[in-house]
Amino acid sequence: MLQSNIDFDLLFTDMVLPDGMSGRELADEAMLRQPGLKVLFTTGYTGNAAIHNGKLDAGVNLISKPFTYDELVAKVRALLD
């Protein structure tokens, strides 16, 4: 999808992806192609690379698994508003 040059408002990705690319790497590539893109990460791992000493890295929006649809909708709405 990134190679199609279609603009989108939000990238929602897991931090852990198959085939060697991380969600962080995907987000970095997407933001290079579309500066200002909003990114929402999800993970079920508490020892994630975006979380250090219990705090998120600056600029990282995260919803931890498991989450409800209502929690996801609220997080997406907050990012897009």
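For the structure, see preceding data.
Keep in mind it's a predicted model, so treat the numbers as computed, not measured. (Residues numbered from 1 in each chain as written. Predicted model: local features only at pLDDT ≥ 70, side-chain atom pairs only at ≥ 80, totals over all residues. Heavy atoms only, no water.)

(A) Looking closely at the overall build of the chain. Check the secondary structure of the chain and you find two helices and five strands. Seen in sequence order, the chain has helices and strands lined up from the N terminus as β-α-β-β-β-β-α. Per-residue burial for the chain yields a buried fraction of 28% across its 81 residues. If you take every contact in the chain between residues at least 6 apart in sequence, the share linking residues at least 24 apart comes to 51%. (Helix = DSSP H or I, 4+ residues; strand = E, 2+ residues; numbered from the N terminus. Buried < 20%, exposed > 50% of the residue type's maximum accessible area, 1.4 Å probe, protein only. Contact = heavy atoms within 4.5 Å.)

(B) Region of the structure containing the packing of aromatic side chains. Per the counting criterion, the structure on display carries one aromatic pair. Ring centres 6.2 Å apart and planes at 70° place the aromatic pair Phe 12 and Phe 67 in the edge-to-face group. With Phe 12 in strand E1 (residues 10–14) and Phe 67 in the loop between strand E5 (62–64) and helix H2 (69–80), this pair connects stretches of sequence that are 55 residues apart. Residue class for Phe 67 comes out partly exposed when judged on its relative accessible area of 26%. (Phe/Tyr/Trp six-rings, centres within 6.5 Å; stacked < 30°, edge-to-face > 60°.)

(C) Structural view of the pattern of salt bridges. A full pass over the atoms with the stated rule returns four salt bridges. Among the ionic pairs, Asp 28 bridges to Arg 24, the shortest N-O distance being 3.1 Å. Residue Asp 28 and its partner Arg 24 are both found in helix H1 (residues 23–33); the two are separated by four residues, about one turn of the helix. With relative accessibility at 36%, the residue Asp 28 sits in the partly exposed group. The exposure class assigned to Arg 24 is partly exposed, which follows from its relative accessible area of 30%. Between Arg 77 and Asp 81 there is a salt bridge, with the nearest N and O atoms lying 3.0 Å from each other. Classification of Arg 77 by relative accessible area gives partly exposed; the value is 46%. (Salt bridge = Lys/Arg side-chain N within 4 Å of Asp/Glu carboxyl O.)

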